[in-house]
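Examination of the molecular architecture
What follows is the residue order along each chain.
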Amino acid sequence: MKTYEKITIVTIVLAIVVLVLASFLGVYVLKTFKVSNVIPNYDLGMEFSEKRIVEYEVDSSIKESKIYDSEGNLVEQEEGVEYTEENGYKIVDIMMNDEAVLTTENYQNSKNIFKNKLYSLGASQYTLNLNEENGKITVELPENDDTDYIIENLGQSGEFSITDYETGEVLLNQENLKLANITYGAGSELNETTVYLYLQFDKEGTEKLKDITTTYVQGEEETSEDGKFVNLSINGQVYMEKTGFPEEYSDGSLYLTLGSSSDEDTIQQYIETAAATANNLNAGYNPIAYTYSSDTRESIVDESLLNIVLYIFIGLNIISFVYFIVKFKKAGFIATILQLGYIAVLLLAVRFLSITVTIEGVIGIVISIILNYIFTYMAFNATFVKEKTMKEAIKGIFGSFTLRMIPVYIIAIVFTFTGLLYTSSLGMTLVWGAIILYLYNIIFTNILLRMAIKED
């Protein structure tokens, strides 16, 4: 064996060893006086981590109470006056939810809105159940950094309105809203970025907005005597209060300024607020108001069971490595190193690509490892027994292996795009397992076979 071949083999083996160490032990660097692992953690599904159980119940509280006198006139409450029925007053409680909206159809619509929001808010995994008798919606989510953000936005109504400041008359609402989105622009100061919530209205809404912006014109001073003004609110929160418009808006577009800053963290907060608001509006209006409570539960899969499965997996791999060595003698050590390297690269890819690992995802990882083991065995067996030249053998292995695996790859691609985490986790691990299998073996196995196993 020539010197450059030996150097190449040693370099490849060392590279694989580094990948194995990085995957299983991590890569630690010093950051701000603290040593931390730069390799991302696994994004685990609810089966392997804590999960949040959130119950959204129909709000049965009183929104406000109105008092009428004996003649049916609305009374403005004054201190020191007892507004009782004995004194001739009638108290009417306005509930958060009118009885008319509490229907099975609206409950089902609420469930669909929740489902749309879960997707748009980036929930990686969830279960969603509706009690059609009382409208209670139960959501299960994995416990992570996004859980609170998702929970807080799920129950929002998606309500939008522009109302007359004095009379409260609704001039424009969510029924005419076509699209909500985020946009950016330069701020008034140097290096500042302004984050906007962009609202686009349909044809009828465009005409209404045009009428509003020509009627409610900004005066010299913000008083009702100087002009007509509006309030603009989203999800019950006022974004514009006692506001007039400086010009006519005739294209059906409205930009709401959420904030300006040159600080990246502050800008990111504005973006998250705008994204959540846009998602709520795009998901549709929910006429039912909810209250929610949440509880954290432990993982479904017990840690001791996980350890047992892990030990079995390690044991099976050790047996396969021993078989390599017995079957291929010295070349078996190279086959073992190659198989270890593939496992390491696949697990690194799962972490860096943020693939959510469910039980199905674990199955996909195991299948990928088995497929690579089969490929490695076929490649070494063909070259070791000298059935063909190494070049012909390797070329033939790639071709025959690919043809045999076509059904598996079709299933993997279909599962990846199902939109269901349980199947997409399996699909994604299989797809990336296949991609890595070919790239890894072209780069490493192909070279080591050619150099480490010499023809007679």
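Look up: the structure comes first, before these words.
Computed from a predicted model, the values in this text were never measured in an experiment.

Some words on empty space enclosed by the protein
Remark: the empty space left among the atoms is shown by a probe the size of a water molecule rolled over them. For the coordinates displayed, the defined rule picks out one cavity of 30 Å³ or more. Counted as a void, the largest cavity has a volume near 40 Å³. Residue lining of the largest cavity: Y342, S368, L371, V408, Y409, L430, G433 and A434, and that is the complete set. Of all elements in the fold, only α8 (359-384), α9 (390-416) and α10 (421-452) reach the threshold of two or more residues within the lining of the largest cavity. When residues of the lining of the largest cavity are assigned to their parent elements, the largest contribution, three residues, is made by α10. Considering only residue class, the lining of the largest cavity consists of six nonpolar, two polar and no charged.

Considerations on the environment of Y198
Here Y198 is to be found in strand β12 (residues 193-201). On the basis of relative accessible area, Y198 is assigned to the buried category, the value being 17%. Between the C-alpha atoms of Y198 and L353, which are 155 residues apart in sequence, the distance is 31 Å. Excluding its chain neighbours within four sequence positions, the residues that come into contact with Y198 are L179, A180, N181, T183, S253, L254 and Y255. Within the local environment of Y198, its side chain forms a polar contact with the side chain of Q200, the two groups lying 2.6 Å apart.

Focus on the pattern of salt bridges
A full pass over the atoms with the stated rule returns six salt bridges. K136 serves as the salt-bridge partner of E55, at 3.8 Å between the closest nitrogen and oxygen. With E55 in strand β4 (residues 51-58) and K136 in the loop between β7 (127-130) and β8 (137-142), this residue pair connects regions lying 81 residues apart in the sequence. Close ionic contact of R297 with D295 constitutes a salt bridge, the shortest N to O distance being 3.0 Å. Judged by its relative accessible area of 39%, D295 falls in the partly exposed class. The network of salt bridges with shared partners includes R52, E143 and D148.

Quick word on the layout of surface pockets
If you add up the space inside the largest pocket, you get close to 1,000 Å³. Listed by contribution, the elements that provide at least two residues to the lining of the largest pocket are α1 (3-24), α6 (303-328), α7 (330-352) and α8. Broken down by element, the lining of the largest pocket gets its largest block of residues, eleven residues, from α6. Tallied by class, residues from the lining of the largest pocket come to 23 nonpolar, three polar and two charged.

Here's the deal with the packing of aromatic side chains
For the coordinates displayed, the defined rule picks out 14 aromatic pairs. On the basis of an interplanar angle of 70° and a centroid distance of 5.6 Å, the ring pair of F114 and Y290 is categorised as edge-to-face. You can see F114 sitting in helix α2 (residues 104-120) and its partner Y290 sitting in strand β16 (residues 290-297), a full 176 residues away along the chain. Just as F114 is buried, Y290 falls in that class too. When the ring of F328 is compared with that of Y377, the centres are 5.7 Å apart and the planes differ by 50°; the resulting orientation is tilted. Here F328 is found in helix α6, whereas its partner Y377 is found in helix α8, with 49 residues between them in sequence. Using a relative accessible area of 24% as the deciding quantity, one classes Y377 as partly exposed. An aromatic cluster is built from Y323, F324, F328, Y373, Y377 and F380, whose rings are joined through pairwise contacts. The cationic tip of R351 hangs over the ring face of Y42; the distance from NZ or CZ to the ring centre is 4.5 Å.

Thoughts on the side chain of N286
With respect to the element layout, N286 can be found in the loop between α5 (264-283) and β16. Within the structure, the side chain of N286 is placed 2.9 Å from the side chain of S110, a separation counted as a polar contact. When near neighbours in sequence (up to four residues on either side) are disregarded, N286 contacts S110, I113, F114 and S157.

Remarks on a nonpolar patch on the surface
A cluster of nonpolar side chains, namely L305, I308, V309, I312, L316 and I319, defines an oily patch on the protein surface of about 580 Å² accessible area. With respect to the secondary-structure elements, I308 resides in helix α6.

Quick word on the packing of α2 against helix α3 (residues 147-154)
Any two packed helices are characterised by how steeply their axes cross, that is the angle between the axes, and by the distance between the axes. Closest axis-to-axis distance for the α2/α3 pair is 10 Å, and the angle between their directions is 150°. When the interaxial angle is binned, α2 and α3 end up roughly antiparallel. As for the relative orientation of α2 and α3, their crossing is right-handed in sense. Together, F114, K117 and L118 of α2 and I150, N153 and L154 of α3 make up the contact between the two elements. Here the contact of α2 with α3 is built from residues that sort into four nonpolar, one polar and one charged.

Topic: the pairing of β7
Of the two faces of β7, the one holding L128 and L130 is buried and the one holding T127 and N129 is not buried anywhere. In textbook terms, the turn of a hairpin is the stretch between consecutive antiparallel strands, and for β7 and β8 this stretch comprises six residues, one of which, G135, has a positive phi near 80°.

Reading the values: rules and limits
- Residues numbered from 1 in each chain as written.
- Predicted model: local features only at pLDDT ≥ 70, side-chain atom pairs only at ≥ 80, totals over all residues.
- Heavy atoms only, no water.
- 1 Å grid on protein atoms, 1.4 Å probe; cavity = no way out; pocket = protein on both sides within 12 Å on 5 of 7 lines; lining within 4 Å.
- Points joined across faces, edges and corners; volume = space filled by probe spheres on them.
- Helix = DSSP H or I, 4+ residues; strand = E, 2+ residues; numbered from the N terminus.
- Nonpolar A, V, L, I, M, F, W, Y, C, P; charged D, E, K, R; others polar.
- Buried < 20%, exposed > 50% of the residue type's maximum accessible area, 1.4 Å probe, protein only.
- Contact = heavy atoms within 4.5 Å.
- Polar contact = N/O pair within 3.5 Å; in protein donor to acceptor, adjacent residues only side chain to side chain.
- Salt bridge = Lys/Arg side-chain N within 4 Å of Asp/Glu carboxyl O.
- Phe/Tyr/Trp six-rings, centres within 6.5 Å; stacked < 30°, edge-to-face > 60°.
- Lys NZ or Arg CZ within 6 Å of the ring centre and 35° of its normal.
- Patch = residues over 30% accessible without salt bridge, like charges linked within 9 Å, V, L, I, M, F, W, Y side chains within 5 Å.
- Areas by Shrake-Rupley, 256 points an atom, 1.4 Å probe, with all protein chains shown as cover.
- Axes fitted to C-alpha atoms, helices over the stretch in contact; angles between N-to-C directions.
- Parallel < 35°, antiparallel > 145°, perpendicular 65-115°, else oblique.
- Left-handed = near helix turned anticlockwise from the far one by under 90°.
- Pairing = 2+ DSSP bridges.

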